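Here is how the chains run, residue by residue.
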Amino acid sequence: MDTAARLVLPSLSRSRLDVLDEAAGGGRVAVHTDEGLFATTGVRVAFTERAGGVSKPPFNELNLASHVNDDAIAVQRNRRILMGALGFPTAQLIVPNQVHGTHVVVVGRGRGALDEVEAARSEARSGADAIVVDRPQTAALLCFADCIPLIFVAPGGVFAVAHAGWRGVYAHIAVKVLYELCAAASCGPSECNAYIGPYIHAECFEVGADLQRKFALAFGAACAPAERHVDLGAALRHDLSAAGVPARRVADVGICTACATDRFYSYRAQAGVCGRHGAFAVREG
């Protein structure tokens, strides 16, 4: 039997979930998730939209980032709203300080109790752009406003959440995270699902001519579709394919953040003043 068949093929769909926090007005949050994956592995993946939280303009509504000058109490409430709506209100949450690097925090099952989670939180606060988790009821949340949100899931339920801006994509963070995940899960890249969240697409991502040339040399001409524009998604898919992830195991939300600021945050389209949507993953206990 094909070992990859142990993990359902990925499929992202939009779901609107009830908010259980009365202070949020009884609204709903919108996420893009894979119900088939959750049913077969107990892993919940979610790419959030901006509706359903309590943050005020210009961060309205479900801002999940603590570094954008939003009210800290509102950010914490938004995170609780999301976790409650997804059905994991008491999961241990790890949120890294993202630094556009390639450092990966690994939280492994059987290597400690809650002190391991605290150690991972401390490491993540020092700077990290990916988390690999092999523990039930331990969630990873990374925040975005144009960069690529990326989630990997291995057959046994080990998962990784990563942040890939242009620096991270160019530094091959996707491959590094994938290899860390496979080492933790004792599997191969061909067995893993990859989920790509909303990010700024090529038509809106204008860069300098030198950077475009570097991407074209590193990832091929497909990632440079027009003068002074780079397709980060094409570059990322190039890396995933080279690492051995089949195209059928890659699911993409397929939305440009800069073109959909009514649903997502965009640093470029909103002149740098905005909240952050999230990529979230957790596994049932």
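Look above for the structure.
Owing to the predicted nature of the structure, the values given are computational and were not obtained by experimental measurement.

Student: Hey, could you go over the side chain of N63 for me, with residue numbers and the actual values?
Tutor: Mapping N63 onto the fold places it in the loop between β3 (43–48) and α2 (72–85). Residue classification places N63 among the buried positions, given a relative accessible area of 0%. Within polar-contact distance, the side chain of N63 engages the side chain of D70 at 2.8 Å. With near-sequence residues (within four places) excluded, N63 lies in contact with S55, V68, D70, V75, N78, Y265, G275 and R276.

Student: So what about unusual backbone geometry? Which residues, and what values?
Tutor: Following P57, the chain continues to P58 via a peptide bond in cis, the omega torsion being 5°. With respect to the helices, strands and loops of the structure, P58 is situated in the loop between β3 and α2. Here the residue pair N60 and E61 is connected by a cis peptide bond, since its omega of 5° sits within 30 degrees of zero. The backbone phi angle of H100 is positive, close to 60°, even though this residue is not glycine. Structurally, H100 is set in the loop between β4 (92–94) and β5 (104–108). The phi dihedral of Q137 falls on the positive side, at around 60°, and the residue is not glycine. With respect to the element layout, Q137 can be found in the loop between β6 (130–134) and β7 (138–144).

Student: Let's hear about the nonpolar core: which residues, and what values?
Tutor: Counting 40 residues, the largest nonpolar core has I148, F152, V169, V177, L181 and F215 as its most contacted members. At the level of elements, β6, β8 (148–153), β9 (159–164), α5 (173–185), β10 (193–196), α6 (209–219) and α7 (232–243) are the ones that each hand at least two residues to this core. Of all the elements, α5 adds the most residues to this core, at seven residues. The contacts of F215, once residues within four sequence positions are left out, are W166, V169, Y170, G220, C223, V230, L232 and A235. Core analysis: the next-biggest nonpolar cluster, separate from the first, contains 31 residues, L7, V45, A124 and V161 among them.

Student: Residue-level account of the sheet that holds strand β11 (residues 250–252), with values.
Tutor: Hydrogen bonds between backbone groups are what pair the strands of a sheet, and the pairing can be parallel or antiparallel. With mixed pairing, the six strands of this open sheet are ordered in space as β5-β6-β9-β8-β10-β11. Both outer strands of the open sheet, β5 and β11, are each paired with one neighbouring strand and no more. Ignoring strand direction, the axes of neighbouring strands in this sheet form an average angle of 15°. Judged from the four bridges that link them, β6 and β9 form a sheet pairing that is antiparallel. Residue pairing across strands places V132 opposite A160, the latter belonging to β9.

Student: Give me the pattern of salt bridges: which residues, what numbers.
Tutor: Inspection of every chain in the model, using the stated rule, returns ten salt bridges. E35 is the partner of R44 in a salt bridge, and the nearest nitrogen-oxygen pair spans 3.3 Å. Taking the relative accessible area as the measure of exposure, R44 reaches 8% and is therefore buried. A relative accessible area of 38% places E35 in the partly exposed class. Each of R14, E49 and R263 takes part in salt bridges that share partners, so that together they form one network.

So, how was this worked out
Within any chain, residue numbers begin from 1 and follow the written order of that chain's sequence. Only residues with pLDDT of 70 or above have their local features reported here, since the model is predicted, and side-chain atom pairs are shown and tallied only from 80 upward, although totals for entire chains, interfaces and linings are computed over all residues. No hydrogens and no water enter the side-chain calculation; it runs on all heavy atoms of the structure. Runs of H or I in DSSP of at least four residues are treated as helices and runs of E of at least two as strands, each being numbered from the N terminus. Exposure categories follow from relative accessible area, calculated using a 1.4 Å probe and restricted to protein chains: below 20% of the type maximum is buried, above 50% is exposed, and the middle band is partly exposed. In protein, a polar contact means a hydrogen-donor-capable atom and an acceptor-capable atom, both N or O and within 3.5 Å, with residues adjacent in sequence counting only if both atoms are side-chain atoms; elsewhere, any N or O pair within 3.5 Å suffices. Between two residues, a contact is recorded if the distance between any of their heavy atoms is within 4.5 Å. For this analysis, a nonpolar core means a set of buried residues of the types Ala, Val, Leu, Ile, Met, Phe, Trp, Tyr and Cys, connected via side-chain atoms within 4.5 Å. When DSSP finds at least two bridges between two strands, those strands are taken to pair. All axes are obtained by fitting lines to C-alpha atoms, using only the stretch in contact for helices, and the reported angles, taken between N-to-C directions, cover 0 to 180 degrees. We count a salt bridge whenever a side-chain nitrogen from Lys or Arg sits within 4 Å of a carboxyl oxygen from Asp or Glu.

Bear in mind that shape data such as this cannot, by itself, settle questions of function.
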